[in-house]
Every structure is written in structure tokens, then in C-alpha cells.
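Results of the structural survey
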Amino acid sequence: MKINVNNEVREVSASPDTPLLYVLSDELHIKGPRFGCGLAQCGSCSVLLDGEEIRSCITPVSAVTGHSVTTLEGLPAFYAAEKKLPTVPALHPVQQAFIDEQAPQCGYCYNGMVIKAAELLSHTPQPSEAEIRSAMNGHLCRCGTYPRILKAIEGASRAMTGALK
Amino acid sequence: MKSSNSTMAFPRRDFLKGGGALVIGFSLGAVTPASRAFAQAPALPDPKLVDSWIAIHRDNTATAFFGKVELGQGSTTALLQIVAEELDVELSQLSAAQVDTKHSPNQGATVSSSSVERAGPQVRAAAAEARQELLRRAAQKLGTPVESLTVMQGIVHSKEGSVSYGELLGDQPFNVNFTGTAPQKPASKYRLIGSRVPRVDISAKVAGTYDYMQHATLPGMLHGRVVRPRGQGAYGAGAEVLGLDETSMKHIPDARIVRKGDFIGVVAPRQWDAVRAAEALKVTWRTPTTLSGDAALHEKMRSSKTTDSVIVEEGDVGKALSQSAHVVSASYRGPYQAHAPFGPSCALAEAAGDSALVICSTQDVYALRERIASVLGLPETRVRVQYVEGAGCFGHSCYDDAALAAAIMSQLVGKPVRVQFMRWDELGWDNYGPAHLGEIRAAADSEGKLVALEYHGWHHGWMIDETSEQLAVGKPVKEFATGAGSLIVNKVNVGGMYVTPNRRLINHAVSGLEGYLKGANLRSPLDLSYSFASEQTMDGLAYLAELDPVEFRRRNIRDPRWLGVLDAVVEAAKWTPRRAASARGQGAVITGRGVALGTHRVSFGAAVAEIEVNRKTGLIVAKHIYAALDCGLVVNPGAVESQIIGMTTQATSRVLKEEVRFSATNVTSLDWGSYPVLRFAEHPNITPILVQPPNTPSSGAGEEALAAAGAAIANAFFDATGVRLKQYPMTPDRVRAALA
Ligand code: FES
Ligand code: FES
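Computed from a predicted model, the values in this text were never measured in an experiment.

Packed helices, taken two at a time, are described by the angle between their axes plus the distance between the axes. Residue and element names in this part refer to chain A. Running from N to C, helix α3 (residues 93-100) and helix α4 (residues 110-123) point in directions that differ by 125°, and their axes come no closer than 9 Å. In this view, α3 runs oblique relative to α4, as classed from their interaxial angle. Taken as a pair, α3 and α4 cross one another with a handedness that is right-handed. In this structure, α3 contributes Val94, Gln95 and Phe98 to the contact, and α4 contributes Tyr110, Met113, Val114, Ala117, Ala118 and Leu121.

This part is about unusual backbone geometry. Put simply, Tyr728 of chain B and Pro729 of chain B share a cis peptide bond, and its omega is 5°. The phi dihedral of Gln102 of chain A falls on the positive side, at around 50°, and the residue is not glycine. Examined against the element boundaries, Gln102 of chain A turns out to sit in the loop between α3 and α4. Classification of Gln102 of chain A as buried rests on a relative accessible area of 17%. A positive phi angle is found at Ser524 of chain B, which is not glycine, with a value near 55°.

All names here are of chain B. Summed over all chains, the structure comprises 47 salt bridges over all chains. For Glu85, the salt bridge identified is with Lys185, shortest N-O distance 2.8 Å. Taken together, the positions of Glu85 in helix α2 (residues 75-87) and Lys185 in the loop between α4 (165-169) and α5 (202-207) put the pair 100 residues apart, joining distant regions of the chain. Judged by relative accessible area, Lys185 falls into the buried class, the value being 17%.

Attention shifts here to the side chain of Gln95 of chain A. Assignment of secondary structure puts Gln95 of chain A in helix α3. Residue Gln95 of chain A is classed as buried on the basis of its relative accessible area, which comes to 1%.

Looking now at the interface of chain A and chain B. Listed per partner, the contact involves 49 residues of chain A and 66 residues of chain B. A buried area of about 4,700 Å², summed over both sides, lies between chain A and chain B, and 58% of it is on carbon and sulfur atoms. Broken down residue by residue, the surface that chain A buries against chain B is led by Lys31, Gln105 and Arg142 of chain A, which jointly contribute 19%. Our enumeration of links across chain A and chain B arrives at three salt bridges. The closest approach of N and O atoms between Glu27 of chain A and Arg270 of chain B, which form a salt bridge, is 3.6 Å.

Looking now at the domain arrangement of chain A. Residues and elements named next belong to chain A. By domain assignment, chain A separates into domain 1 (2-73) and domain 2 (75-161). Taken over C-alpha atoms, the centre of domain 1 sits 20 Å from the centre of domain 2. Across the contact, 20 residues belong to domain 1 and 16 residues belong to domain 2. Of the roughly 1,500 Å² buried between domain 1 and domain 2, counting both surfaces, carbon and sulfur atoms make up 52%. Its salt-bridge partner being Glu53, residue Lys116 comes within 3.2 Å of it at the nearest N-O pair. Along the contact surface separating domain 1 from domain 2 lie twelve residue pairs in polar contact (both at pLDDT 80 or more). Every element with two or more residues in the side of domain 1 that touches domain 2 is listed here: β3 (46-49) and β4 (52-55).

This brings us to the sheet that holds β3 of chain A. In sheet architecture, strand pairing relies on hydrogen bonds along the backbone and comes in two forms, parallel and antiparallel. Residue and element names in this part refer to chain A. Strand order across the open sheet formed by five strands is β2-β1-β5-β3-β4, with mixed pairing between neighbours. What marks the edges here is a single partner per strand, and that holds for β2 (8-11) and β4. If you compare each strand with its neighbour and ignore which way they point, the axes differ by 40° on average. Pairing between β3 and strand β5 (residues 68-70): two bridges, direction antiparallel. Opposite Leu49, over in β5, you have Val69 as the bridge partner. The strands touched by helix α1 (residues 20-27) are β1 (2-5), β2, β3, β4 and β5; relative to β1, the strand with the most contacts, the crossing angle is about 80°. Strands β3, β4 and β5 of the sheet are contacted by α4, whose axis makes an angle of about 35° with β3.

Moving on: the domain arrangement of chain B. Residue and element names in this part refer to chain B. The domain architecture assigned to chain B consists of domain 1 (12-207), domain 2 (214-288 + 345-420) and domain 3 (294-337 + 432-739). If you average the C-alpha positions of domain 1 and of domain 3, the two centres end up 39 Å apart. The partner domain 3 presents 19 residues to the 21 residues of domain 1 that form the contact. For the pair domain 1 and domain 3, the summed buried surface comes to about 1,300 Å²; carbon and sulfur atoms form 49% of the total. The tally of links from domain 1 across to domain 3 stands at one salt bridge. Between Arg196 and Glu641 there is a salt bridge, and its shortest N-O distance comes to 2.9 Å.

Our focus in this paragraph is the environment of Ala130 of chain B. Residues and elements named next belong to chain B. Tracing the sequence through the fold places Ala130 in helix α3 (residues 115-142). By relative accessible area, Ala130 is classed as buried at 0%. In the structure, Ala130 is positioned 77 residues away from Trp53 in sequence and 9.1 Å away in space, judged by C-alpha atoms. Among residues more than four places away in sequence, those in contact with Ala130 are Val50, Ile54, Leu87 and Phe174.

About the cut-offs
- Residues numbered from 1 in each chain as written.
- Chains lettered and ligands numbered in written order.
- Predicted model: local features only at pLDDT ≥ 70, side-chain atom pairs only at ≥ 80, totals over all residues.
- Heavy atoms only, no water.
- Axes fitted to C-alpha atoms, helices over the stretch in contact; angles between N-to-C directions.
- Helix = DSSP H or I, 4+ residues; strand = E, 2+ residues; numbered from the N terminus.
- Parallel < 35°, antiparallel > 145°, perpendicular 65-115°, else oblique.
- Left-handed = near helix turned anticlockwise from the far one by under 90°.
- Contact = heavy atoms within 4.5 Å.
- Buried < 20%, exposed > 50% of the residue type's maximum accessible area, 1.4 Å probe, protein only.
- Salt bridge = Lys/Arg side-chain N within 4 Å of Asp/Glu carboxyl O.
- Buried area = accessible area lost by both parts, 1.4 Å probe.
- Domains from an automatic or database assignment.
- Polar contact = N/O pair within 3.5 Å; in protein donor to acceptor, adjacent residues only side chain to side chain.
- Pairing = 2+ DSSP bridges.

As C-alpha cells, then:
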């Protein structure tokens, strides 16, 4: 089976029913998406499928053939393509904002937080607080860093829309 | 993950040579079997030698060896700040070695928010000693007295010239004793301590390059899963296997069963096969009905035979209660709560021949090494335990259970095994924060002076025996009923911040071996339950005395540090004095505000909560929480504010939503649906406030405002409704019942 991950076509040998998460972690050694619940309840395993956030823990690998998967690793390039930037930045603006806010604690949930926030800002460049709260509501953070995530997304939104003006 | 980062093969002196890079969480990569073999027994680092703490490298970088692990709380950055400050190097020149029984000094378990408070002074003294020796050598080399030397960025300067630490000592041992007598920098000269330096781990965590435990691999490793009943039964009952149908997983040919006693697992080269096999394997378990079920839990505790102890007995409580103007009495209930790390526990072990390597996220590598050695039947010196950070654990979650499971499985199959707990393993087999029942009576005089406080607390203690070990070797379990690890009513937190001539605290220890769940330390152990009872009681007295709850507290506090956090939080929240429940709204959604104090052992916490209550649905929404913490000298204000935000969010989650549910046979809270925690949309705005009185040493900052925040929400509920909730979590059902 061939799947497109971060703009590269990769040959994988897993059985078609294998959840994408295990293929990304164990065959492609991609570190962003990671196991949290295996039940689509937490957002730890999130990736973008054709730009939309999905849960790789319950998505069979066979379901993504013919589509393009973007993981945390490929997010800066995805962003560059989306905004037609001449070069690929080291980080997506939302990642920079999470660092500026010093938001994470254990950071384990931040794969999902980054992926979901990037998806949100791509659809809604200037979300209200209520829109951020509702978009991010499927992503848990057990360390309780929600307040800084909220602030960081607002900051990233300002940085991104400011940069485009 | 193919990497040649075989750091484990290097002798200690070369360990992580060329530091400067982020080392915590560095790639474990693939380690060749040869490098894992023990040439000889690893010696425990001697804490009396400077070399056990600090190494200086040729390129003028340094490595610090800590015994405390990074749990996501930022303590590694704080400890590095302390060492860099004392050594006079930049933070970028210093890295922390991975915590490993092979080379890390034993600083005890990373618990009770002790990293900066207790380990800090130790590493500061070690760094001062190292600096003193480096200056002695520099003085010799430069031919100038020590007094004339200055140091910047690890380069020693004098009029005669300069020399770097790296040139003086590069990868050679200090060979000096750690006497603890070297002069230390005065606080007035601090430049790194107290500054908001970015945490050393955060960039990599956000970029996705950080190596978590879950990323670790070893060549030839198998994926393992434990097979247990879904949800534990009574502690001590284990999980007795009555039957095992091996054919039930025959359709997964690569998977195989591993069994030792009642310990059952499956292993497979592919992770998905291990997951499916664990799911498919049919095991018949004995399921005794020895639990009370969650609804009858507190009655069971109250009526059980207990071992009682007097924690505080001052004055004559009975007399004072009978003669006072205002008396409040009530009983309060707290549930079992789970650690529920966001990523379930994971561990990787290779137990082959006469030695074992176990990579895991334990809070205490040394204590775990002992356990693993005993279960595997190896001498302790043949077991090496390495720490790699996983998801935040907030106390004794399943990390050691997973480590033992990996070690047991690896020994059985003779190959490295990576064990990943599934969500239901972690939630169902956790060592829960114990449930609590508190009966309290308190009295105030007509002036609003607290004259008596009597508290009776019922709970069982901690049980640190790991399930994997118990199942595999059938070792009888025990409870920490007395001494370290036992739980007694916290006299600091139950009214300890107030002055009262008559106080009586009685601990009623329930036997945890008689049909209860497994318990262990969960962030700020039991303090949420204590404060939920005692701070609501203080509010009740203020109400009877017709006083503003802040004013009532001020009248009863003498300690300036308690007053300091109270004043700070009240100011931040723009608190206007009035009696509680005196401004109740009439609509469907009404608002309230509450204040509370609390702590764990040391440090001082205060919180003000502003909430909304929907009288129809019973839903409570915490809108804004102001939380103040005085933990003495703050090494990294940004990191401590982050801790305050986290513990306040967690307090909100725990007081509003979290409860481990169980039937007569087993725990039924097995996923995020059946064990709901606070979600993104539900989080309050949080204002963290640091209070730093001059010249106070650092004390714990990882949990001490949690209890205050939870109790402030409870008090806000009374302010909104005029009704006291006596049981948490304060779920919509309980709210509707209370308001009916
Ligand atoms: S691991 Fe996929 S949503 Fe939790
Ligand atoms: S930072 Fe630890 S779970 Fe979010």
C-alpha cells in the first residue's frame, strides 16, 4: 500500500485495517501523532487529512490512500504551500506562539493542539474566543494548560493576519 | 528510529560530551546489545563527591546530574538555572543528564513538589563546590590570587589573562569532596534565578522533536499489552485466572501469550497485532463482589472498624463548641479520583540473561530498580533503570506497573518488550487518590473569632504494591497504614492557617484491605477533600457572623504569609466586601464568587473563584479563578505561573467533574467518556499571582494552590445559591438535587 505523508509517497506493509497511527509511529517513525486513548476521545493522534483534522488512532490506513496526510512534522511546509510562501519556515506560526507563551507542561497533548489550532486558523483566520473554545474542545490537556493555549492561538491569529496585510 | 546515539556505552566522564544541547528527552535511539551489557556492576554515584553532580567538558560546557526527574513541571529548567547561576555559566552551556541508576545521584522520589525545595539546595551547594575548585585551579594556572578572579560564561578572568573551565578541567574528574562548605552566591547577585528564562524542553515539545517514553525503541523489540479484567476489583483480590482460551486469538498468528501466575500479556512484532490480540484473548476471571459500589462507599467507610489517631488536641473543643455564638457542623464527601495521565503509561525493557535494562517514566528510579530486581530474581546491581519523560502523571500513576509488566514480559520471551497501557488499563488499574469522608464542627464567637475546630477524617492509606508484581508472583499485598506513605488528616491544611485556642483533629484509618480500591498519592493528596470541608465551614461561620468571608478570615489569621496570599488574591480579583449569598440573582443562570485558602505541606495558597450556576440544568461553569501562591524564592516565575494555571485547571476539573465509578465487582470509569475531565471549552480564565516575601527559601510550587481553588468554587456555589454542596464532584445531578 502507498500513502502520501507530508508530501512524500511512502510504501507501507501494514494490514489495511491497521490504524494509521501505528503505521506512522512504527513504520514511518513519525513522532508527532502519538497514542493517547485509541478511541478518538482525546486528540493526541491528530493529523490533517487533505487539510482536515482527523484521529489517526481510529482511521484505518487503507482509508487514507489517495489522500494526503500532514503530520506535525509536515505542518510548516503545509503552511508554506497554503500561504504560497517562498520558503518553508522552521515552525508554523501557531507553534511559535505556543513557544512564546511557554504554554506546554508535559507537552504530550501538543501534537493535537498544534494540528487543531493550525486547522482552525486556516479556516477561520481571526476566531473569537468562543470559536477557539469550541474548535479546540475535542482536545484534552490533562496538565491544564488551556488558558495559555487560548492566548497563544489569539497571538498566532494576530501574527498571521498581520503578516498577510 | 535508527540512531547511533549510543550514549549509554560511554564511560560516565564522557557522558553527553559536548553538552549545551538539550539533553533531557534525548534520543534513546537504537542501542546496540553490546553497549547494553554490563561490563561490571554499576556503582551508585557517591553523593559526597563533586563528580557525582557535575562534569565539565573540554568545549566549556557542563553536564549536571540530578536525581529528580522532569514530569512536565519545568523543574529541570529550574535546577539548571540554580546550577548555572552558581557555576557562572550560561544556561546554554549546561545540560541535564538523563536520570539513570547508572549515573544519577539518588535524591529520592520526585514527589511532593520537592525538586526545587529540597534538591535545589543540594545542587546549588555542589555547583558552588565545583566553582571553588575551578577557581583554585585557575588561580594556580594564572598565578594570581583567587580573590582577584571573576567568571563569566565559564571563563575565568584576571589581569594576567583568562582561562576557561573547559581548559582547566575538560572531561577530567574534579576529585574533590562535596563538603557543602563552599561559599555561595548571595541572592542579591542572582541574574538567572528569578528570571523568566524559557524552559529548556518547550521548543522541542512544540516542534515535535522531543523524545517521549512512547518513542523509545530497542532493536528486535516486541509490542506488549497487558491482559486484565476491564477495571480493577478490590485491592488485594488480584485478578485470578480461572480459564484461558488460547484459540480465541488464533486468527492473529504473530501474537503470543505470555503468562506468569495471574499476570497475562500478549506480545507481537506489530503493535496492532498486540492490540487486537489483547482485545481478542478470552480469559475467565474470578470476579468477587467485594466492593461497595461508588454510591455506598462513604457509608461503608463511616461504619467500618477504624484505627484512630489523634493528630491535634489543643484546648477543650467540646466546651468551646457548647458555649459559642455560632456553630457549624456538617459532613463532606470526596470521591476516588484518577491520575489519568493524558498519555497512558509506557515502558520498554530488555531482561535477558543475568541483567535487565528498563526504560520508563518512574518517579523514583532507585526504588523501582529494587522492585524489578526482586521480581526478576536478579541482583540489584544487574538492573539498570532509565527515566524518560512521558505524559504528566501527577503522582503515582501506572508508570511503575507498566515498567514491571515490560520487565516480566521481556524476561519471559527473551526479547526487548515495549508495553503501552491502553486507556482502560491506565484508568481502570490506577492507584487512585483515595476517597474521603470528613465530619467537621467549628465555632466562632460573636466577634467572628474562631474559637473551636473539630475534624474527623475517614480514608484508607496508600498501597504501592504494583499490580503486575502482585499478579505475577502472588506476593501478598499490604497497605501503608502507618508511617511514611500513610495518610493522616493534614493539620496544616485543616484550619492550620487560622488561630484557634481549641482544635481537635482525629484520623480514622479505614483498612484498605477490606474491599476498597487501590490508592496512592495524587497531586496534593487529599487536600482537596480537606479544604472542601474546612473552607466551606469557615465560610459558614462567616455567614452566621454576618461577615464578609475575607474579613472573617483576616480576623483569624496571624501568619503574615497567609495574610499575604489572601490580600494578593483579593486585590487581584477586585473583591468587594459583602456577606455571602447576599446578592443572589433571580434568573436561570446566576453568579457567585468565593474565596478559600489551602496548601499541601509548605507554601501558601489562596484563591477566588467566580462561577455561574444554571439552576435548571444544574451545570456549574467556572468563569475566572484568581490563584495566589507564596512558595518563597521563585527560580522561574513563568514556570511557576504555569504550574498555578495547571493546578487551578485541575482543581476545577476535580471539584466539578472527576469521580471514579465502580460497581460491586470492578471500576467502570475506563475512558474519557466514563471518567470525564475538564474540557477546553469549560476552562476558566485564570490569573496566577506570585507572592514572594523577601529572604524566604524556595518551597513547593507544584500543588499548593490546588485545594484553595477547589474550595473557592464550592464557596462560590453557596454565594450564588445560598445552598452548600457537601459532596464533590459538583455535578449537574448533585446541583439539581441540592437546589430542588
Ligand atoms: S489517541 Fe486518537 S483521539 Fe486519543
Ligand atoms: S501539556 Fe500535558 S497533557 Fe497537555
